[in-house]
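Okay, here's what each chain looks like letter by letter:
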Amino acid sequence: MKHLRLVLILALVAAFAAACGGGGGAPKSVPSDDVAVVGGDTISKDEFNKVLAQAKRSYAAQNKPFPKPGTAGYGTVRAQIIQFLVERSEYDQKAKDMGINVSDKDVENRLDQIKQQYFGSAQPGQKPKSKAEIEKLYQQQLKAQGLTDSDVKDGIRAQLVREKISEKVTKDAKVSDDDAKKYYDDNKAQYAQPAQPASRNVRHILVKNEGLAMTIYRKLKAGGDFSKLALKYSVDPSKSTGGRLTVCKEKTASCPLKTVAPFEKVAFSLKNNEISKPVHTRFGWHVIQALGPVNPPKKASSIPFDQVKAAIKQQQVQQKKQDTFNNWWNDTKKEFAKKTKYQVGYEPPASQTTTTG
């Protein structure tokens, strides 16, 4: 249900963390039934009260006391609701200017995706949930969150408006191969592959006395199941994975397991699949099997640019889109700041507004 809570009109209630603003000259007054005038739009007290009621339902559903009027907590929620409604109005007006429309079908499609993602998945071996089962789970979650289907759809519509604006504003964001190469050259440390010591995949069974180790060795030589014997007898944590280890000649960040000398000597000298006789170390007695050839050491190197170019470009495009959208939104706030006026008692903190009254 996390996604639903993110897209709610409440968003509790700071879905967009920025200053408020509004297109034309500053409005002269705010009608008595409204809490704010934003450009060519008004936000009614009914809209404000609807979101306030939604906040109260959400608190109640989570058994949390709603802040009392006059407290700092109530003032924070109230200011966040105003900020959210103003910013939603700004987005809606900009969407209209851009010819962007979000249809009821768009909202339904997104909601269906959310329902399927969060309520439609089945455990392995189970049949997929029916549409009726998914709907039942969705309704249960709405009740648990103190929300209505209309609340969720309002939130989804606001999210889709923002997404479509973002797509339009950032559609020309591109990154050239030269840009990617410069980033690669400036950040080569990110693409360095450190030197690798010689290593080998083995498995072992560790016990505390030589006699038991010899018994296990004989069972293995007679065809015993290594994993089962490890799980039954080994006192090493690796028994849960059949005693498997990757041992290294040197300890590095990428190969952290360097074993004690007697173990290492045998582990690296065995033939493929060979099983050792019991090996004594300070930890006890080991029976070791080599699971593959010794992996030779590798010198430090860099990942070639061609192998990471696509990933770098994708990362840079996303960053450029984010920067482009942030710049657009900052310009939008400045534009609306001259065209927004608040009803007395509903204005946000002074740092978030320029005209009140």
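Residues numbered from 1 in each chain as written. Predicted model: local features only at pLDDT ≥ 70, side-chain atom pairs only at ≥ 80, totals over all residues. Heavy atoms only, no water.

A. Local environment of the pairing of strand S7 (residues 284-290). With respect to burial, S7 is a largely interior element, 7 of its 7 residues being buried. Where strand S4 (residues 199-207) and S7 come together, 6 bridges link them in antiparallel fashion. Within S7, the residue paired with Val202 across the bridge is Ala290. Of the strand pairs in this sheet, strand S6 (residues 279-281) and S7 are connected by 3 bridges, and their pairing is antiparallel. Considered in S7, the bridge of Thr281 is made with Gly284. Between S6 and S7, which pair antiparallel and follow one another directly, the connecting turn spans 2 residues. (Buried < 20%, exposed > 50% of the residue type's maximum accessible area, 1.4 Å probe, protein only. Helix = DSSP H or I, 4+ residues; strand = E, 2+ residues; numbered from the N terminus. Pairing = 2+ DSSP bridges.)

B. How the structure looks around the pattern of salt bridges. For the structure on display, the rule yields 17 salt bridges. The salt bridge partner of Lys115 is Glu135, with a shortest N-O separation of 2.7 Å. Linking Lys115 in helix H4 (residues 104-119) with Glu135 in helix H5 (residues 131-145), this pair joins segments that are 20 residues apart in sequence. Judged by relative accessible area, Lys115 falls into the buried class, the value being 11%. A relative accessible area of 29% means that Glu135 is categorised as partly exposed. Where Lys249 meets Glu264, a salt bridge forms, and the shortest distance between an N and an O atom there is 3.9 Å. Pair noted here: Lys249 is in the loop between strand S5 (244-248) and helix H10 (261-269) and Glu264 is in helix H10, with a separation of 15 residues, a long-range link. A single salt-bridge network, built from bridges that share partners, covers Lys94, Glu335 and Lys339. (Salt bridge = Lys/Arg side-chain N within 4 Å of Asp/Glu carboxyl O.)

C. Highlighting the packing of helix H6 (residues 149-169) against helix H11 (residues 305-337). Taken N-terminus to C-terminus, the directions of H6 and H11 make an angle of 110 degrees; their axes are 9 Å apart at the nearest point. One element, H6, and the other, H11, form an angle in the roughly perpendicular class. Residue-level inspection shows Arg162, Ile165, Ser166 and Val169 of H6 in contact with H11, the latter providing Thr324, Phe325 and Trp328. Its residues assigned to classes, the contact of H6 with H11 comprises 4 nonpolar, 2 polar and 1 charged. (Axes fitted to C-alpha atoms, helices over the stretch in contact; angles between N-to-C directions. Parallel < 35°, antiparallel > 145°, perpendicular 65-115°, else oblique. Contact = heavy atoms within 4.5 Å. Nonpolar A, V, L, I, M, F, W, Y, C, P; charged D, E, K, R; others polar.)

D. A look at the sheet that holds S5. A sheet is described by the order of its strands in space; here 4 strands give the open sequence S5-S4-S7-S6, paired in antiparallel fashion. Of all strands in the sheet, those with a lone pairing partner are S5 and S6, marking the two edges. Across the sheet, the mean angle separating the axes of adjacent strands is 50 degrees when strand polarity is ignored. Against the sheet, helix H9 (residues 226-233) contacts S4 and S7, and its axis sits at roughly 50 degrees relative to S4.

E. Spotlight on unusual backbone geometry. The backbone phi angle of Asn63 is positive, close to 55 degrees, even though this residue is not glycine. A residue is classified by how much of its surface remains accessible, and Asn63, at 73% relative accessible area, is exposed. Positive phi, normally seen in glycine, also occurs at Asn273, with a value near 70 degrees. Checked against the element boundaries, Asn273 lands in the loop between H10 and S6.

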